[in-house]
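In case you want the letters, here they are:
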Amino acid sequence: MHHVILGAGPAGVTAAETLRQMRPNDEITLISGEGEAPYSRMAIPYLLHGQIDEGGTHLRQTPGHFDTLGINIREARAGGIDTRAKALFVSGSEDIAYDRLLLATGASPIIPPLEGATLPGVHPCWTLEDARKIVERAEPGAPVVLVGAGFIGSIILEALVGRGADLTVVELAPRMVARMMDETAGGMLARWCETKGVRVLTGAKVERI
Ligand SMILES: Cc1cc2nc3c(=O)[nH]c(=O)nc-3n(C[C@H](O)[C@H](O)[C@H](O)COP(=O)(O)OP(=O)(O)OC[C@H]3O[C@@H](n4cnc5c(N)ncnc54)[C@H](O)[C@@H]3O)c2cc1C
């Protein structure tokens, strides 16, 4: 039995390891679509802050971890699936045949349809590659505007404060982390930002860049 797992984030890696425990003799292929060792997006803020290096974002740190478990890692981006033929179409390589396929492809950030959202210097903060671009630009004193102060936005905000960026945060909702925090907690967070010199614009919509 050949198990193919598409996506080498935390879900894909955990699935591959769990399958290996349950199916010691099956073939397992984990497809990594970003050309990176399997890593955790959750560690990106610590990388931005400079508390860890890129290796610190890797989900498994022991050299040869996946080889030892007999999990094949393939670098490829899947573009389609034929469920009848049980084949996965990947870029720049022949099709990958499977018996069981698990989609662990995660999510992607919502980029608002704003004029200027694709200009140079405008980045989401989702992948290691995004983080590299942000590290290049967000130097101490560099003006940075962070659009969105939800949970993940606020974690990124703290990392940018740690880098010494000159930060302004723009949030559409009337307070920060509005879906998780009430007015008291959201207000505490906004006051913390102000003590760090961060300008907080809530109830504000970015119209163009
Ligand atoms: C900056 C940041 C901070 C975060 N902090 C936290 C936190 O503190 N706590 C928390 O709970 N969550 C946090 N999250 C969210 C958390 O990282 C995600 O919920 C988690 O990564 C989901 O894991 P996953 O394996 O399902 O998907 P992902 O980690 O997104 O992995 C999916 C993988 O599939 C790959 N893929 C997608 N399509 C294809 C394709 N066609 N072919 C090949 N590969 C493909 C993707 O490139 C990716 O590598 C944070 C996210 C970010 C961006």
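Whatever comes next refers back to the structure up there.
A. Quick peek at the overall build of the protein. From N to C terminus, the protein includes 6 helices and 10 strands. C-alpha extents for the protein along the principal axes are approximately 55 × 35 × 35 Å. Looking at the protein as a whole, 37% of its 209 residues qualify as buried. A fraction of 58% describes how many contacts in the protein between residues 6 or more apart in sequence connect residues 24 or more apart. Accessible area for the protein stands at about 12,400 Å²; split by element, carbon and sulfur atoms hold 54% of it. Mean positive and mean negative side-chain charge positions of the protein (20 and 25 charges, respectively) differ by 4 Å.

B. How the structure looks around the pattern of salt bridges. Evaluated as defined, the whole model comprises 7 salt bridges. In this structure, the salt-bridge partner of Arg41 is Glu34, at a minimum N-O distance of 3.0 Å. Its relative accessible area of 30% is what places Glu34 among the partly exposed residues. Within this structure, Glu36, Glu54, Glu129 and Arg132 form a network of salt bridges that share partners.

C. Structural view of the packing of helix H5 (residues 151–163) against helix H6 (residues 183–195). The geometry of H5 relative to H6 is characterised by a closest axis approach of 11 Å and an angle of 20° between their N-to-C directions. With respect to each other, H5 and H6 are oriented roughly parallel. As H5 packs across H6, the resulting crossing turns out to be left-handed. Together, Ser154, Leu157, Glu158 and Val161 of H5 and Leu189, Trp192 and Cys193 of H6 make up the contact between the two elements. Its residues assigned to classes, the contact of H5 with H6 shows 5 nonpolar, 1 polar and 1 charged.

D. Representation of the site of the ligand within the structure. Around the ligand there are 22 residues in total, and Ala11, Glu34, Arg41, Met42 and Ala78 lie nearest to it. Surface burial for the ligand is 78%, taken as the share of its 1,000 Å² of free accessible area covered by protein chains. In this structure, the ligand is accommodated by the second largest pocket. At the level of elements, helix H1 (10–22) and H5 are the ones that each hand at least two residues to the shell around the ligand. When its residues are assigned to classes, the shell around the ligand shows 14 nonpolar, 5 polar and 3 charged.

E. View of the sheet that holds strand S4 (residues 78–82). The strand order across the open sheet formed by 3 strands is S4-S5-S6, and the pairing between neighbours is antiparallel. Every interior strand has two partners, whereas the edge strands, S4 and strand S6 (96–97), have only one.

F. Representation of the side chain of Glu17 in the model. You can see Glu17 is positioned in helix H1. The class for Glu17 is buried, based on a relative accessible area of 15%. For Glu17, the side chain forms a polar contact with the side chain of Arg60, separated by 2.7 Å. Not counting the four nearest positions on each side in its chain, Glu17 is found in contact with Arg60, His65, Phe66, Leu69 and Ile71.

G. Representation of the layout of surface pockets. Looking at the largest pocket, its volume works out to about 1,800 Å³. Those elements giving two or more residues to the lining of the largest pocket turn out to be helix H4 (128–137), strand S8 (143–147), H5 and strand S9 (166–171). Its residues assigned to classes, the lining of the largest pocket comprises 34 nonpolar, 7 polar and 5 charged. One number sums up the size of the second largest pocket: a volume of about 820 Å³.

Criteria and cut-off values
Residues numbered from 1 in each chain as written. Predicted model: local features only at pLDDT ≥ 70, side-chain atom pairs only at ≥ 80, totals over all residues. Heavy atoms only, no water. Helix = DSSP H or I, 4+ residues; strand = E, 2+ residues; numbered from the N terminus. Buried < 20%, exposed > 50% of the residue type's maximum accessible area, 1.4 Å probe, protein only. Contact = heavy atoms within 4.5 Å. Areas by Shrake-Rupley, 256 points an atom, 1.4 Å probe, with all protein chains shown as cover. Lys, Arg positive; Asp, Glu negative; His and termini not counted. Charge placed at Lys NZ, Arg CZ, Asp CG, Glu CD. Salt bridge = Lys/Arg side-chain N within 4 Å of Asp/Glu carboxyl O. Axes fitted to C-alpha atoms, helices over the stretch in contact; angles between N-to-C directions. Parallel < 35°, antiparallel > 145°, perpendicular 65-115°, else oblique. Left-handed = near helix turned anticlockwise from the far one by under 90°. Nonpolar A, V, L, I, M, F, W, Y, C, P; charged D, E, K, R; others polar. Near = heavy atom within 4 Å. 1 Å grid on protein atoms, 1.4 Å probe; cavity = no way out; pocket = protein on both sides within 12 Å on 5 of 7 lines; lining within 4 Å. Sits in = over half its atoms within 2 Å of the grid points. Pairing = 2+ DSSP bridges. Polar contact = N/O pair within 3.5 Å; in protein donor to acceptor, adjacent residues only side chain to side chain. Points joined across faces, edges and corners; volume = space filled by probe spheres on them.

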